[in-house]
Amino acid sequence: MKQMVLVSGGAGYIGCHTTVELIAAGYDVVIADNLSNADMSGVEGVRQITGVDVPFVEVDCCDKQAFARLFEQYNFDSVIHFAAYKAVGESVVDPMKYYRNNLTSFMNVVELMREYGRHNIVFSSSATVYGEADELPVTELTPRKPATSSYGNTKQICEDILRDVATAYEGLRGISLRYFNPIGAHPSALIGELPRGVPQNLVPFITQTAAGVRECLSVFGDDYPTPDGSCLRDYIDVVDLAKAHVVAITRMVEGKNKQPYEVFNVGTGNGVSVLELLHGFERVNGVKVNHKIAPRRAGDVVAIWADTKLANEELGWRSERTLDETLRSAWEWEKHVRGIK
Ligand code: WQD
């Protein structure tokens, strides 16, 4: 019988891409989402790509009673928990919104898994837990730094909850995947990132500027101690990232995890500067992106990229798409959204 996976927050950017890869790998999927920061277009894109009428349930994971009905109705053994708020700046202005939503929904998932005897969970964590790291690249053993935003703190707290419950409760296994900077879109251009309002992240700002939706990209700082003065990040293709979730779930389904709780970095292992990324985007797509150098953005770390050895060796996972391919896919998606030929 096919294994079923619950993808909470599955209408969002990474959730949609992961659902496509789960189905390609032979899993059944049920998507749960409260549509607070997504609409149904992603789910429809997933259905179109896969040819599968993936079940979708509109539910808020913070509403435990409503969420429990999903556990009654569907017999999944594994959960990938994406459902969370993710705007770093907003979390600083309204921390309770983030603590209430991100922690409540996560605790509900874990408690319901226990009550209903479900075994495997992958948690969406973030490289943000490393803060300004003392050593680069960061390994999973690099100490986490105190979070500088409530968003980042919810990631740290959920990691700790998962570590404790997986260690304490027989039969519950968990993996935290620490994402670096997810970018790009599915090669079909049917799903991709659709930020509401003004994009806070670099690549959607670049693609919207190229499309004429934004006037000018601000490059936040060119006087950092890096080769070209702009910050360094590890940009991971969203399809590669999606595949990391599939191997993480399969590892637990097959009982191959070495500990009840494990953590993996999901990045490429390459540090790329803002200016390199911008010029790479212009080169591969043959478009100009109007930009200017602006002051540093508060809270940015100078540089971070992943040591991916653990994911390579333990999960047998590595990033496959080149940065050029990923930047092409980001532009194809933006053109699809804007109806640009
Ligand atoms: C990347 C680089 C900016 C916008 C954040 C969160 C992280 C995760 C992903 C999740 C930085 C520069 C950006 C712009 C710019 N969150 N930049 N002009 O800050 O590395 O990570 O997003 O869901 O937790 O912290 O990503 O894309 O915002 O920035 O120059 O208009 O691009 O200064 O150096 P970041 P980002």
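Below or above, wherever it landed, is the structure these notes cover. (Residues numbered from 1 in each chain as written. Predicted model: local features only at pLDDT ≥ 70, side-chain atom pairs only at ≥ 80, totals over all residues. Heavy atoms only, no water.)

1. Details of the side chain of Glu334
Part 1: When you line up the elements, Glu334 lands in helix H11 (residues 323-338).
Part 2: Once residues within four sequence positions are removed from consideration, Glu334 is found in contact with Thr207, Gln208 and Ala211. (Helix = DSSP H or I, 4+ residues; strand = E, 2+ residues; numbered from the N terminus. Contact = heavy atoms within 4.5 Å.)

2. A closer look at the layout of surface pockets
Where empty space is left can be seen by rolling a probe of water-molecule size over the atoms.
Part 1: Space inside the second largest pocket adds up to approximately 390 Å³.
Part 2: Glu140, Leu141, Val263, Phe264 and Leu310 are the residues nearest the centre of the second largest pocket, which is lined by 18 residues in total.
Part 3: Secondary-structure elements contributing two or more residues to the lining of the second largest pocket are strand E11 (261-266) and helix H10 (309-315).
Part 4: Tallied by class, residues from the lining of the second largest pocket come to five nonpolar, three polar and ten charged. (1 Å grid on protein atoms, 1.4 Å probe; cavity = no way out; pocket = protein on both sides within 12 Å on 5 of 7 lines; lining within 4 Å. Points joined across faces, edges and corners; volume = space filled by probe spheres on them. Nonpolar A, V, L, I, M, F, W, Y, C, P; charged D, E, K, R; others polar.)

3. Focus: the pairing of strand E6 (residues 173-179)
Part 1: Of all seven residues in E6, six are buried, a share of seventy percent or more.
Part 2: Where strand E5 (residues 120-126) meets E6, seven bridges bridge the pair, whose relative direction is parallel. Bridge pairing links Ile121 to Gly174 in E6.
Part 3: For the segment spanning E5, helix H6 (residues 150-168) and E6, crossover handedness is right-handed.
Part 4: Examined bridge by bridge, E6 and E11 share six bridges and lie parallel to one another. Paired with Ile175 across the two strands is Glu262, which belongs to E11. (Buried < 20%, exposed > 50% of the residue type's maximum accessible area, 1.4 Å probe, protein only. Pairing = 2+ DSSP bridges. Right-handed = clockwise from strand over helix to strand, strands pointing away.)

4. Things to note about the packing of aromatic side chains
Part 1: Across all of its chains, the model carries seven aromatic pairs by this definition.
Part 2: Between Phe67 and Phe71, the ring centres sit 5.4 Å apart and the planes meet at 85 degrees, which makes this aromatic pair edge-to-face. With Phe67 and Phe71 both in helix H3 (residues 64-73) and four residues apart, the pair spans about one turn of that helix. Judged on exposure class, the residue Phe67 and its partner Phe71 are both buried.
Part 3: Put simply, the rings of Phe67, Phe71, Phe76 and Tyr116 touch in pairs and so form one group of aromatic residues.
Part 4: It is Arg114 that lies over the ring of Tyr169; its NZ or CZ is 3.6 Å from the centre.
Part 5: A cation over an aromatic ring shows up here: Arg296 above the ring of Tyr224, its NZ or CZ 4.0 Å from the ring centre. (Phe/Tyr/Trp six-rings, centres within 6.5 Å; stacked < 30°, edge-to-face > 60°. Lys NZ or Arg CZ within 6 Å of the ring centre and 35° of its normal.)

5. Some thoughts on the site of the ligand
Part 1: By nearness alone, 19 residues border the ligand, and Leu202, Ser218, Phe220, Arg233 and Asp300 come closest of all.
Part 2: Contacts to the ligand include Ser218, whose backbone N or O atom sits 2.7 Å from a nitrogen atom.
Part 3: Side-chain polar atom of Arg233 to an oxygen atom of the ligand: 2.6 Å apart, as the coordinates give it.
Part 4: Contact with the protein chains removes 86% of the 690 Å² of surface that the ligand exposes when unbound.
Part 5: A total of four residues in the shell around the ligand trace back to one element, the largest contributor, which is strand E8 (residues 217-220).
Part 6: Within the shell around the ligand, the residues separate by chemical class into nine nonpolar, six polar and four charged. (Near = heavy atom within 4 Å. Polar contact = N/O pair within 3.5 Å; in protein donor to acceptor, adjacent residues only side chain to side chain. Areas by Shrake-Rupley, 256 points an atom, 1.4 Å probe, with all protein chains shown as cover.)

6. Concerning the packing of helix H7 (residues 202-210) against H11
Packed helix pairs are specified by the crossing angle of their axes together with the interaxial distance, meaning the distance between the axes.
Part 1: Direction vectors running N to C along H7 and H11 enclose 55 degrees, while the axes themselves pass 10 Å from each other. On the basis of their axis angle, the class for H7 and H11 is oblique. H7 and H11 meet at a crossing whose hand is right-handed. On the side of H7, the interface is formed by Val203, Thr207, Gln208 and Ala210, while H11 contributes Ala330, Trp331, Glu334 and Arg338. (Axes fitted to C-alpha atoms, helices over the stretch in contact; angles between N-to-C directions. Parallel < 35°, antiparallel > 145°, perpendicular 65-115°, else oblique. Left-handed = near helix turned anticlockwise from the far one by under 90°.)

7. Overview of empty space enclosed by the protein
Part 1: Evaluation of the coordinates by the stated rule reveals two cavities of 30 Å³ or more.
Part 2: In this model, the largest cavity occupies a volume close to 80 Å³.
Part 3: Elements with a minimum of two residues in the lining of the largest cavity: H7 and H11.
Part 4: Class assignment for the residues of the lining of the largest cavity results in five nonpolar, three polar and two charged.

Everything listed here is a matter of coordinates, which is why it stays silent on function.
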